[in-house]
Amino acid sequence: MLLFGAELHTVYLFTLIIVGCITILYLFFSEIFDGLFEGIPFVDPAVILAFITITSAGGFLLEKFTALSNTLIFIIACIISAIISGLIYFFILVPLKNAEVSLAYTEESLEGQVGKVIVPIPTNGYGEIVIESVNGIISKRATGFENEPIDYDQQVLIIEAKEGTVYVKKYESHLQFKL
């Protein structure tokens, strides 16, 4: 059968090559396109491109190696592509998007946490602390909450965080253990 003056398996092959190239370009520029489709569920350019690529590949292979009718080949290729694209979306893309959000932290989430001084904090000056959290180790610029000096290796409590700086006080544990 001819479509656009070419054999159908040739149309599948050219579609596969063109959409494959577009997919590679999408990998490089995906950040630009992700914002355009963010509010629409199930409309993800990666899934749409994968669907077309898999349909083209399946159609090409079925046209080349089977004697099924062209319509049946297209339907089978679309069904296989829908299943694989759905698996890609639900088992790869959705977990990746959720993981990306869960690794972030805000300055407000640092308030109340305990850190350790790695660069001493002078009076009316800045030093540096590290905070160990589920996201890893976070290093932040720090100053004394009441402009007091804090020595190296002291534990500090983060009182306030704003504009990239955390305001800290020496951490004093009130727990005493009796043996």
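Description of the structure in this document. Per chain, residue numbering runs from 1 following the sequence as it is written. Side-chain atom pairs in this predicted model are given and counted only at pLDDT of 80 or more, local residue features only at pLDDT of at least 70, and totals for whole chains, interfaces and linings cover all residues. The basis for the side-chain values is all heavy atoms of the structure; hydrogens and waters are excluded.

## A short note on the overall build of the protein chain
Part 1 of the reasoning: In this text, helices come from DSSP runs of H or I with a minimum length of four residues, and strands from runs of E with a minimum of two, each type numbered from the N-terminal end. Along the protein chain, the regular secondary structure elements total four helices and seven strands.
Part 2 of the reasoning: Only protein chains enter the accessibility calculation, which uses a 1.4 Å probe; a residue is then buried when its area is under 20% of its type maximum, exposed when over 50%, and partly exposed in between. When the 179 residues of the protein chain are sorted by exposure, 26% land in the buried category.
Part 3 of the reasoning: Each accessible area value is a Shrake-Rupley result obtained with a 1.4 Å probe; residue values ignore everything except the protein chains displayed when judging cover. Summing over all exposed atoms, the protein chain offers an accessible surface of approximately 12200 Å²; the carbon and sulfur share of this is 67%.

## Considerations on the sheet that holds strand E7 (residues 165–170)
Within a beta sheet, neighbouring strands are joined by backbone hydrogen bonds and run either parallel or antiparallel to one another.
Part 1 of the reasoning: Paired strands are those between which DSSP finds at least two bridges. Spatial ordering of the closed barrel is given by E3-E4-E5-E7-E6, a layout of five strands whose pairing is mixed. The mean inter-strand angle of the sheet, taken between neighbouring strand axes irrespective of direction, is 55°.
Part 2 of the reasoning: Of the strand pairs in this sheet, strand E6 (residues 155–162) and E7 are connected by six bridges, and their pairing is antiparallel. By the bridge assignment, Glu160 is partnered in E7 with Tyr167. Under this scheme, a helix contributes an axis fitted over its contacting stretch, all axes are lines through C-alpha atoms, and angles between N-to-C directions fall in the 0 to 180 degree range.

## What about the pairing of strand E5 (residues 136–144)?
Part 1 of the reasoning: By the bridge criterion, seven bridges tie strand E4 (residues 127–133) to E5 in an arrangement that is antiparallel. Within E5, the position partnered with Ser133 by the bridge is Gly136.

## A short note on the packing of aromatic side chains
Part 1 of the reasoning: When the centres of two rings from Phe, Tyr and Trp lie within 6.5 Å, Trp using its six-membered ring, the rings pair. Their planes under 30 degrees apart give stacked, over 60 give edge-to-face, and anything left gives tilted. In this structure the tally under the stated criterion is one aromatic pair.
Part 2 of the reasoning: When the centroid spacing of 5.0 Å and the interplanar angle of 85° are considered together, the rings of Tyr89 and Phe90 count as edge-to-face.
Part 3 of the reasoning: Overall, Phe90 belongs to the partly exposed group, its relative accessible area being 48%.
Part 4 of the reasoning: Charge-over-ring contacts are defined here by two conditions on Lys NZ or Arg CZ: a distance within 6 Å of the ring centre and an angle within 35 degrees of the ring normal. Sitting over the ring of Tyr126, Arg141 keeps its end group 5.3 Å from the ring centre.

## Observations concerning unusual backbone geometry
Part 1 of the reasoning: With a phi close to 55°, Asn124 is a non-glycine residue in the positive phi region.
Part 2 of the reasoning: A positive phi angle, close to 60°, is found at Asn147, a residue other than glycine.

## Considering the environment of Ser109
Part 1 of the reasoning: By the secondary structure assignment, Ser109 is in helix H4 (residues 107–110).
Part 2 of the reasoning: Note: C-alpha distance between Ser109 and Ala161 (52 residues apart in sequence) is 8.8 Å.

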